[in-house]
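# Topology and contacts: notes
Each chain, written out:
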Amino acid sequence: MSDFAITPEALKDAIAAALGEQGQHVGIALGEVTVTVPVACYREVMQTLRDEPGCRFEQLIDLCGVDYSTYGDGRWEGPRFAAVSHLLSVSLNQRVRVRVFCPDDDFPALPTVTDLWNCANWFEREAFDLYGIVFDGHADLRRILTDYGFIGHPFRKDFPLTGHVEMRYDADRQRVVYEPVSIEPREITPRVIREDNYGGLN
């Protein structure tokens, strides 16, 4: 195992050389190499990052969905949904972030990487559950955090804060029931305190 990691600039150059034209953009963000790849090359890029001798990212440590619909105060003009993965090379002591955008906002879909890293199973299920991103080829793509009867995808920026339905146990029927949300939307106005000696500040 390497005792120290190479600099982000050197890693960026090594990854750019390994990916060639498949790396849509290879840059450094927040001190970490970030690779943006087109969906057509996504699986091939991920396999290259895992297997290439200069990369050797053996571990997928995270994969999550992102909704860019309100990014940059609404100035974002690219695709709405993306999956962001973080890869770790234990043998070379280096990390990389990989971002791939879903080409269709109405039906966001990406290829699965579960055959490259088994742990992607639950990560992709979570991205499906919370963002509605479908992973083609996933063997068991179903909800993992919300209930089976849950409607919608709660991490999407347009999902209502109160949700669509509420669940409770009905003692008379002796089972769980789903009902429309009973919380009335309200506007909360902050209380303004105008006392001269409030809190002993004067």
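Residues numbered from 1 in each chain as written. Predicted model: local features only at pLDDT ≥ 70, side-chain atom pairs only at ≥ 80, totals over all residues. Heavy atoms only, no water.

Okay, the sheet that holds strand β3 (residues 59–67) next. An order of β1-β2-β5-β4-β3 is seen for the five strands of this open sheet, with the pairing classed as mixed. A strand with exactly one partner marks an edge of an open sheet, and here the two such strands are β1 (25–29) and β3. Strand-to-strand twist across the sheet, computed as the mean angle between neighbouring axes with direction ignored, equals 25 degrees. Two elements, β1 and strand β2 (residues 32–37), share five bridges in a ladder whose sense is antiparallel. (Pairing = 2+ DSSP bridges. Helix = DSSP H or I, 4+ residues; strand = E, 2+ residues; numbered from the N terminus. Axes fitted to C-alpha atoms, helices over the stretch in contact; angles between N-to-C directions.)

Once that is clear, we can look at the pairing of strand β8 (residues 165–170). When β8 meets strand β9 (residues 175–180), the two strands line up antiparallel, connected through six bridges. Pairing of R168 across the sheet is with V177, part of β9. Between the end of β8 and the start of β9, which pair antiparallel, lie four residues, with Q174 showing a positive phi angle near 55 degrees.

With six of six residues buried, β2 lies mostly within the body of the structure. Across the two faces of β2 the burial is the same, with E32, T34 and T36 and V33, V35 and V37 all buried. As consecutive antiparallel partners, β1 and β2 are separated by two residues, and within that stretch L30 has a phi angle of approximately 55 degrees, a positive value. With four bridges connecting them, β2 and strand β5 (residues 94–101) associate as parallel partners. Bridged to T34 within β5 is R97. (Buried < 20%, exposed > 50% of the residue type's maximum accessible area, 1.4 Å probe, protein only.)

Once that is clear, we can look at the packing of aromatic side chains. With the rule as written, the count across this model stands at seven aromatic pairs. Here the aromatic rings of Y68 and W76 are separated by 4.7 Å at their centres, their planes lie at 20 degrees, and the arrangement is stacked. With 5.4 Å between their ring centres and 50 degrees between their planes, Y68 and F101 make a pair best called tilted. Taken together, the positions of Y68 in the loop between β3 and β4 (81–89) and F101 in strand β5 put the pair 33 residues apart, joining distant regions of the chain. For the pair formed by Y68 and F101, the shared burial category is buried. Site record: aromatic cluster; members linked through ring pairs are Y68, Y71, W76 and F101. (Phe/Tyr/Trp six-rings, centres within 6.5 Å; stacked < 30°, edge-to-face > 60°.)

Okay, the side chain of R125 next. Within the fold, R125 resides in helix α3 (residues 120–131). For the buried R125, no salt bridge is present, and the opposite-charge side chain at shortest range is D140, 4.3 Å distant. Beyond its immediate sequence surroundings of up to four residues, R125 is in contact with H138, D140, L141, R142, R143 and I144. (Lys, Arg positive; Asp, Glu negative; His and termini not counted. Salt bridge = Lys/Arg side-chain N within 4 Å of Asp/Glu carboxyl O. Contact = heavy atoms within 4.5 Å.)

Counting 33 residues, the largest nonpolar core has I15, L49 and L87 as the members making the most contacts within it. Contributions of two or more residues to this core are made by α1 (8–19), β2, α2 (42–51), β3, β4, β5 and α3. When residues no more than four places from it in sequence are discounted, the contact partners of I15 are V26, V33, V35, L49, C55, F57 and V96. (Core = buried A, V, L, I, M, F, W, Y, C linked by side-chain atoms within 4.5 Å.)

Right, let's talk about the side chain of Q94 for a bit. Looking at the element boundaries, Q94 is found in strand β5. By relative accessible area, Q94 is classed as buried at 6%. The residues touching Q94, leaving out its near neighbours within four places in the chain, are I6, L11, G54, C55, F57, L87, L88 and S89.

Secondary-structure assignment places A18 in helix α1. Each C-alpha atom of the pair A18 and T48 lies 7.5 Å from the other, and the pair is 30 residues apart in sequence. Setting aside its immediate chain neighbours within four residues, A18 contacts T48, E52 and C55.

Under the definition given, this model contains eleven salt bridges. Notably, a salt bridge pairs D129 with R143, separated by 2.6 Å at the nearest N-O pair. Of this pair, D129 sits in helix α3 while R143 sits in the loop between β7 (134–136) and β8, and the two are 14 residues apart along the sequence. D129 sits in the buried class, given a relative accessible area of 0%.

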